[in-house]
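The chain contents come next:
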Amino acid sequence: MSRRSERWSPLLAARRAAVDALIALKERLPEDAYRNPPTAVGYLLLVPALVLVGFLFVGMLLLAWYSVLTFDPIEILVYELTLENWRRLFATTGYHVIFLRTIALTTVVTVLAVALALPYAYLTVRVRSAPLRKLLLVSLFVPFFTGVIVRAYGWLIVLGREGVVNAVLGVFGIGPVRFLASEGAVVLALLQIMLPFAIVMIAPAIQNVDRELELAASNLGADRLATFRRVVIPLAAPGIAGATIVVFTITAATFAIPDLIGGGRVDFVANLVYRTLFDSGNYPLAAATSVALVAVTSAVVVGIFRTIGSGTLGIRRGGGGG
Amino acid sequence: MSRRGSTRTPAIRLDGVTKRFGDVTAVDDVSLGIDREEFLTILGPSGAGKTSLLHMIAGFTEPTDGEIYIDGDPVTDVPPYEREIGMVFQSMALFPHMTVGENVAFPLEMRRYDPDRIDERVREMLELIQLPDIADRDVTELSGGQRQRVAIARALAFEPTLLLLDEPLSSLDKKLRGEMRRELLRIHRTAGVTTVHVTHNQEEALTMADRIAVIDGGEIAQHASAEELYDRPNSPFIADFIGDTTLLSGRVREHDGRECTVELAGGEPVRCLPAEAPPPDPGTPVQVGLRYERIVAGETVATDNAFDATVREVAFEGDTVTYEVDLDGGVELSVTELNTTGTRVFERGREVAVGWNAGDEFLYPATEG
Amino acid sequence: MADRRRRLRALLRRLPGEYPVLGAIVAAQVVFLLVPTLIVLVASFQGGSVIRFPPDELSVQWYAALPGEERFLAAFYRSVLVATFCTAVAIPVGIATGLGLIRYEIRFAGGIQLYLLLPFTVPLVVSGVVLLLIFRELGVLGQLWTVGLALAIINLPFMIWSVTSRVNALDPELEHAARNLGAEELQTFLHVTLPALMPGVITGGLIMFVLALNEFLVSLLITTPNIVTLPVLIYTSIRANVSPLVAAVASVYVLAAALAVLAADRLVGLEEFLRS
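Because the structure is predicted, anything quoted here is derived from the model rather than measured.

Points about the overall build of chain C
When its secondary structure is counted, chain C shows 13 helices and 0 strands. Along chain C, helices (α) and strands (β) appear in the sequence α-α-α-α-α-α-α-α-α-α-α-α-α when read from the amino end. Since a compact globule built from 276 residues should have a radius of gyration of about 19 Å, the 24 Å found for chain C marks it as more spread out than a globular shape. Once the C-alpha set of chain C is aligned to its principal axes, its extents read approximately 75 × 70 × 35 Å. Evaluated residue by residue, chain C yields a buried proportion of 59% over its 276 residues. Put simply, 71% of the contacts in chain C that link residues at least 6 apart link residues at least 24 apart. Charged side chains in chain C number 18 positive and 17 negative. The centres of these two groups are separated by 14 Å.

So, the interface of chain A and chain C
Chain A puts 106 residues into the contact, and the matching count from chain C is 104 residues. Across the chain A/chain C interface, buried area totals approximately 9,700 Å², and carbon plus sulfur atoms make up 76% of it. Our enumeration of links across chain A and chain C arrives at 5 salt bridges. Its salt-bridge partner being Asp259 of chain A, residue Arg239 of chain C comes within 3.1 Å of it at the nearest N-O pair. In terms of residue count, the dominant contributor to the side of chain A that touches chain C is helix α3 (residues 39-66) of chain A (20 residues). Looking at the side of chain A that touches chain C, its residues break down into 71 nonpolar, 21 polar and 14 charged.

Some words on the nonpolar core
By size, the foremost hydrophobic cluster in this structure holds 187 residues, and its most contacted members are Phe141 and Tyr153 of chain A. For this core, the leading source of residues is helix α9 (residues 183-207) of chain A, giving 18 residues. There are two domains that each give this core at least three residues, and those are domain 1 (1-43) and domain 2 (60-275) of chain C. Ranked by size, the runner-up nonpolar core spans 89 residues in total, among them Phe95, Phe106 and Ala153 of chain B together with Leu181 of chain C.

A short note on unusual backbone geometry
With the exception of glycine, most residues fall at negative phi, and the peptide bonds are largely trans. All names here are of chain B. Not every positive phi belongs to a glycine, and Glu84 is a case in point at roughly 55°. Although it is not a glycine, Glu167 sits at a positive phi angle of roughly 45°. Inspection of the secondary structure puts Glu167 in the loop between β7 (162-166) and α5 (174-191). Classification of Glu167 as buried rests on a relative accessible area of 7%.

What to know about the domain arrangement of chain C
All names here are of chain C. Looking at the assigned domains, one finds that chain C contains domain 1 (1-43) and domain 2 (60-275). Between the C-alpha centres of domain 1 and domain 2 the distance comes to 35 Å. The partner domain 2 presents 6 residues to the 5 residues of domain 1 that form the contact. Contact with domain 2 buries surface across domain 1, with Val40, Leu41 and Ala43 losing the most and accounting together for 86% of the total. Seen at the junction of domain 1 and domain 2, the total is 0 salt bridges. Linking domain 1 with domain 2 are 0 residue pairs in polar contact (both at pLDDT 80 or more).

A few points about the sheet that holds strand β2 (residues 24-34) of chain B
All names here are of chain B. If you trace the 4 strands from one edge of the open sheet to the other, you get β2-β1-β4-β5, paired in antiparallel fashion. One side of each edge strand has no neighbouring strand; the edge strands of this open sheet are β2 and β5 (73-74). Sitting on the sheet, helix α1 (residues 50-58) touches β1 (12-21), β2 and β4 (65-70), and the angle it makes with β1 is about 120°.

So, the interface of chain B and chain C
Buried accessible area, meaning the area lost when the parts come together, often serves as the stated size of an interface. At the interface, 26 residues of chain B touch 17 residues of chain C. Summed over both partners, the interface of chain B with chain C comes to about 1,800 Å²; 63% of that surface belongs to carbon and sulfur atoms. Taken as a group, Phe60, Tyr81 and Met110 of chain B account for 33% of the area that chain B buries against chain C, more than any other trio of residues on that side. Here chain B is connected to chain C by 0 salt bridges.

Structural notes on the confidence of the model for chain A
Residues and elements named next belong to chain A. Residues with a pLDDT of 70 or more make up 93% of chain A, whose mean pLDDT is 86. Across chain A, element-level confidence peaks in helix α5 (residues 93-126) with a mean pLDDT of 94 and bottoms out in helix α1 (residues 2-27) with 76. Low pLDDT (under 50) marks residues 316-322, which in the prediction has 15 contacts with non-local residues, meaning those over four places away or in another chain.

Comments concerning the state of the cysteines
Such a bond, covalent and formed between the sulfur atoms of two cysteines, is termed a disulfide. According to the stated counting rule, one finds 0 disulfides over all chains in the structure shown. Not part of a disulfide, Cys272 of chain B finds its nearest cysteine sulfur in Cys260 of chain B, a span of 4.9 Å.

Topic: the packing of aromatic side chains
Summed over all chains, the structure comprises 24 aromatic pairs over all chains. Measuring from ring centre to ring centre gives 5.9 Å for Tyr323 of chain B and Phe346 of chain B, while their planes differ by 50°; the resulting arrangement is tilted. With Tyr323 of chain B in strand β17 (residues 320-327) and Phe346 of chain B in the loop between β18 (332-338) and β19 (351-356), this residue pair connects regions lying 23 residues apart in the sequence. On the basis of relative accessibility, which here comes to 5%, the residue Phe346 of chain B falls in the buried class. For the ring pair Phe45 of chain C and Tyr63 of chain C, a centre distance of 5.3 Å and an interplane angle of 35° mean the geometry is tilted. Of this pair, Phe45 of chain C sits in the loop between α2 (20-44) and α3 (61-65) while Tyr63 of chain C sits in helix α3, and the two are 18 residues apart along the sequence. By relative accessible area, which is 34% here, Phe45 of chain C ends up partly exposed. When its relative accessible area of 23% is taken as the criterion, Tyr63 of chain C is described as partly exposed. One Lys or Arg, Lys26 of chain A, reaches over the ring of Tyr34 of chain A and ends 4.3 Å from the middle of that ring.

A closer look at the pattern of salt bridges
Two side chains of opposite charge can pair, provided their charged atoms sit close to one another. Evaluation of the coordinates by the stated rule reveals 32 salt bridges over all chains. Between Glu84 of chain A and Arg87 of chain A there is a salt bridge whose closest N-O contact spans 3.3 Å. Separated by 3 residues within a single helix, Glu84 of chain A and Arg87 of chain A lie in helix α4 (residues 84-91), roughly one turn from each other. By relative accessible area, Glu84 of chain A is classed as partly exposed at 37%. When the shortest N-O distance is used, the salt bridge between Asp265 of chain C and Lys134 of chain A registers 3.2 Å. Of this pair, Asp265 of chain C sits in helix α13 (residues 244-267) while Lys134 of chain A sits in helix α6 (residues 130-146), which puts the two residues in different chains. By relative accessible area, which is 23% here, Asp265 of chain C ends up partly exposed. Several salt bridges share partner residues, and in doing so they unite Arg16 and Asp20 of chain A together with Glu109 and Arg112 of chain B into one network.

Quick notes on the rules
- Residues numbered from 1 in each chain as written.
- Chains lettered and ligands numbered in written order.
- Predicted model: local features only at pLDDT ≥ 70, side-chain atom pairs only at ≥ 80, totals over all residues.
- Heavy atoms only, no water.
- Helix = DSSP H or I, 4+ residues; strand = E, 2+ residues; numbered from the N terminus.
- Rg over C-alpha atoms; globule rule 2.2 N^0.38 Å.
- Buried < 20%, exposed > 50% of the residue type's maximum accessible area, 1.4 Å probe, protein only.
- Contact = heavy atoms within 4.5 Å.
- Lys, Arg positive; Asp, Glu negative; His and termini not counted.
- Charge placed at Lys NZ, Arg CZ, Asp CG, Glu CD.
- Buried area = accessible area lost by both parts, 1.4 Å probe.
- Salt bridge = Lys/Arg side-chain N within 4 Å of Asp/Glu carboxyl O.
- Nonpolar A, V, L, I, M, F, W, Y, C, P; charged D, E, K, R; others polar.
- Core = buried A, V, L, I, M, F, W, Y, C linked by side-chain atoms within 4.5 Å.
- Domains from an automatic or database assignment.
- Polar contact = N/O pair within 3.5 Å; in protein donor to acceptor, adjacent residues only side chain to side chain.
- Pairing = 2+ DSSP bridges.
- Axes fitted to C-alpha atoms, helices over the stretch in contact; angles between N-to-C directions.
- pLDDT = per-residue confidence, 0-100.
- Disulfide = S-S within 2.5 Å.
- Phe/Tyr/Trp six-rings, centres within 6.5 Å; stacked < 30°, edge-to-face > 60°.
- Lys NZ or Arg CZ within 6 Å of the ring centre and 35° of its normal.

Here it is as structure tokens:
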């Protein structure tokens, strides 16, 4: 304790003075405001977040408004209402292809990511060896924290003409094989981007599955696979729902991977929006395309909500934790 | 109990205190006085409103009705941090991000004590709980018993006028509980602080308290010393809740102004000597309470009441043996015998004699029917 | 048949570890996750001016060249600024939202939660377009703070989650204890509530910072050439050519990620990230 009192005094005095000043300030408020804070305080606390997210909310309305404005190559925007953008979106086969490709590849990536995340999350939560768990966590978070661009770059190096895979194949006298600019390469790279998201969403749900339930299942005659299928997965369903939603919405909006890995041959909706916006400056058409993308992903999200519930995306009060 | 100074204002007084949460009445019109330096235990089953009562005394919630006085002053408008009441929480509520020393120093820091004085007081408190060397430890490293002691040291560090203990021993194992019980009493005597202790454990209450207030359904059922509570429970609820009691229903057949005869449901006549004369009028339905250990069982018995019975179950408890017996008339009784030298343990199915003396029973007017 | 199964099981049991089959699958995933991430590090030590495997020779020349690359340095500096701003905005907002949602009886709490998830349910490219339109309308496009604000908006749910899970886990007896021991409302908050929320705040803050440092798509849409952040600059450089210099720049990110993981492990433990 003596050690502590030596380093206490000046700092402590300053801290006490600061806190006391704040307390004095607080006590100028009406007593009930801090002693029995009214519900209004709760709403007040929510205001900053509501305003921040309000940018997106208002922006969405703005987007809908833009999508019915007229495009002019010189003036860019003419404030005349028109359905031309929507007509073009619906009538152009090229757009259909991009939308369908986005949905199809996103579905493939989502299914694979969730399926692969389950064993990974399970092992991370259940493995008894601490170093092994650490390894799994590090292998999960280092890519997660590295960002899309750097990892896309990594994939270019791995799959490129003079990349790692072709170097290995070359040893056997095969190749060089062109991997890039294919749907397979895009799915592979997207899967690597999305897998950490899926694991992070599913792991807490598995953590909440009581270990004894698994022991009970095996005691009742279920082997490991059956235990996993019949006990772990149903109980982790909220996490799986959350993961599915997150992976789907992020993948459906992806830009970098189709652009860099797909090399313009495997465009997603985001690439279309970007080109419309910056190559032709057609804001109204870009807005219409964006609204269409929102509609499509929302429909999928609502579908998942309906079938497996909102899952871990809901913020729950009390008890179980978020 | 000699410490009780009845002429002074009670240290704390509850006057018609009521707490309602929506439609639920957690505490119902409780009035209670606690004397200076007294150790009062509030005993009740879980959900009886004990914690609500403590929270109102500590100031975490306000009573819906009634008033609480500390040293004669009403405190309803006084926030908890100005009440100078120490409290040991059920979960201990030690701050996990602080060391033991910082936890104990917390109330002193809040009162802006001089740093040297804080150090000194922390040392004193750790000596009081006989753990002088743990000031720099993390609270997460402590054992259950140590956490308990630190929580007490923290609650007493600022010399509160009142100490509240909320089920303080419930998180400890049985052996530690006995040790901590003695420790709490030692600290209570050393610090001489008025203490309100809440528990659902009757044994804890009986061994610790000067007086016990039994609370049930938000109301105080009986407020008395431990001996009085055990020997003269004022209701079948108390008789059943404290100690092991068989409750039998019957009807008064006759009385002579002092002694009476009750006819049990099976037709057996039982001689009773109620503490409060005169006994109930003939024909009154009553309940007879019989402590397991007041009944004797043997080959023959020489008591005021004696019956032939058959042993249905035997539970051997080491120091005692408890029999469940069926009287020939069909009435079921439980009997606890001390297992001393020469005691015979009867086996299941044996014919035995059981009996007890008039006056060993509790007699209550039947509550319903 | 049964015999074969028994022999198979005996074989499986002889494999190392508690979960042999699961372990093999997950090991493959570890390789899959790490190789494209760490390959950038290998490529950055390329001696020649073209990335190829195996490398012609190893050299640190591209790292030596970094201090002279003012464009990259400026973009890096901007990225750090943006990430700092974004985190500084998100932390108080997250704490306030967590406390507001859980501590108070809020009407339409369910609806508000759904609304606060908007940044996750709106596709990122759309968020980018939306923010581009708004900032353009407001005439603030091209100012660096708008990027920080945008990133705070699109990742806000991460912060709110981290904090709410902690508010939920907070033992109310701790706050009772503090008040009982003489701490009035403000000191209870400062000394007990806030420290108890700290792991959640740190987790959320770290996630916000790292994601902001890495954010690409929204930044690509709303940055003008004079405020490009590092991910955007790396992207345009990759499109130009796959020079090992870019690999050296990108390696900075891998190192930053590793550092963040290390910091997270030291500060709150990596397991904490699997809670919310």
